[in-house]
Amino acid sequence: MNITFIGYGNVGAPLADHLQRLGHSVTLAARDVNSEAVRMAQARNPALKAVPLEQAVREAEVVFLATPFMANAQVVPPLAEALAGKVLIDCTNPVGPGLTHGLNNVQSGSQALQALVPQARVVKAFTIYGFENFENNAYPGYGVKPAMFFCGNDAAAKATAAGLIGQLGWEPLDVGGLEQALHLEHMTLLWVRMVRVKGHSPHLVWAALTR
Ligand SMILES: NC(=O)c1ccc[n+]([C@@H]2O[C@H](COP(=O)([O-])OP(=O)(O)OC[C@H]3O[C@@H](n4cnc5c(N)ncnc54)[C@H](OP(=O)(O)O)[C@@H]3O)[C@@H](O)[C@H]2O)c1
């Protein structure tokens, strides 16, 4: 699958690396193909190709957005046409002062993103844990995979996202439409406060048990 990353820092770089090693054609959408971020991602995996931003998006089937949330309003609208019809995996989280919800708990960041690109098929995923778990999500000995909660309005886009989530070693858990993104963003804040403030392990993840 042709996959493009917009943003390849703490979150994007390990996911891009793993997906390329799983056999996907993975591209770094670059404002500057010689940037420090590109160099660092390629030092991790030289098979990651840097391609100018809009071209990279046009050539992709799936686009991961892993930028600071505040950058989305600047980054995304110029790419709206190129993103039309694409699966857009939103890894971003709106975080406000004091680890509060950045959009005042009213609208999710993913719904705000969807409004910027109405023709893209937004799926929120890879947001509820810290990047440590995107680097390495092996939890040996439990007999159960860590859960990756995701949501979106387009069933086919969610099926594509679920496939990638599963290939990356997570148990995909579809939690519903994009209106559920607000609650995933609160899960993120819960995790961040537990781990970054209260001292829980950064390798803490959730598992979904049903019977
Ligand atoms: N850190 C975590 O543990 C974690 C976990 C889950 C979700 N998230 C969310 O994931 C997103 C990324 O977090 P991160 O920690 O990976 O951030 P990061 O390490 O700072 O990386 C951000 C990436 O976005 C790029 N970027 C910034 N502004 C841009 C713009 N205007 N146009 C295009 N690219 C731009 C940066 O490129 P340059 O370096 O070239 O500026 C960099 O590649 C955030 O929304 C965050 O809330 C973070």
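As a starting point, this report considers the structure included with it. (Residues numbered from 1 in each chain as written. Predicted model: local features only at pLDDT ≥ 70, side-chain atom pairs only at ≥ 80, totals over all residues. Heavy atoms only, no water.)

**Observations regarding the layout of surface pockets**
Put simply, the rule reads: Of the grid points, spaced at 1 Å and generated over the protein atoms alone, those admitting a 1.4 Å probe that cannot get out make up cavities, while open sets with protein on both sides within 12 Å along at least five of seven lines make up pockets; any residue with an atom within 4 Å of a point is treated as lining. Grid points are joined across faces, edges and corners, and a volume is the space filled by probe spheres set on the points. The secondary structure listing takes helices from DSSP runs of H or I that are at least 4 residues long and strands from runs of E that are at least 2 residues long, numbered from the N terminus. In the scheme used here, Gly and all other residues not listed as nonpolar or charged are polar, with Ala, Val, Leu, Ile, Met, Phe, Trp, Tyr, Cys and Pro taken as nonpolar and Asp, Glu, Lys and Arg as charged.
Its boundaries defined by the atoms lining it, the largest pocket holds a volume of some 940 Å³. Forming the walls of the largest pocket are 40 residues, and the residues nearest its centre are Gly7, Ala66, Thr67, Pro68 and Phe69. For the lining of the largest pocket, the elements supplying multiple residues, two or more each, are β2 (25–30), α4 (72–75) and α9 (181–197). Considering only residue class, the lining of the largest pocket consists of 25 nonpolar, twelve polar and three charged.

**Thoughts on the packing of aromatic side chains**
What counts here: Only Phe, Tyr and Trp rings take part, Trp by its six-membered ring, and two of them pair if their centres are within 6.5 Å. Stacked means planes under 30 degrees apart, edge-to-face means over 60, and tilted covers everything else. For every residue, the accessible area (1.4 Å probe, protein chains only) is compared with the maximum for its type, and the residue is labelled buried under 20%, exposed over 50%, or partly exposed between those bounds.
On inspection of all chains with the given rule, the structure shows five aromatic pairs. Ring geometry for Phe64 versus Phe126: centroids 5.8 Å apart, planes at 40°, classification tilted. Here the residue Phe64 occupies a position in strand β4 (residues 62–65), and Phe126 occupies one in the loop between β8 (121–124) and α7 (132–135), the gap between them amounting to 62 residues. Where Phe126 meets Phe134, the ring centres are 5.9 Å apart and the plane angle is 80°; that geometry is what we call edge-to-face. A single burial state applies to Phe126 and to Phe134, both of which are buried.

**Topic: unusual backbone geometry**
Here Leu99, not a glycine, exhibits a phi torsion of approximately 55°, which is positive. For Leu99, the location among the structural elements is in the loop between β6 (95–96) and β7 (100–101). Although it is not a glycine, Asn104 sits at a positive phi angle of roughly 60°. Structurally, the position occupied by Asn104 is in the loop between β7 and α6 (109–116).

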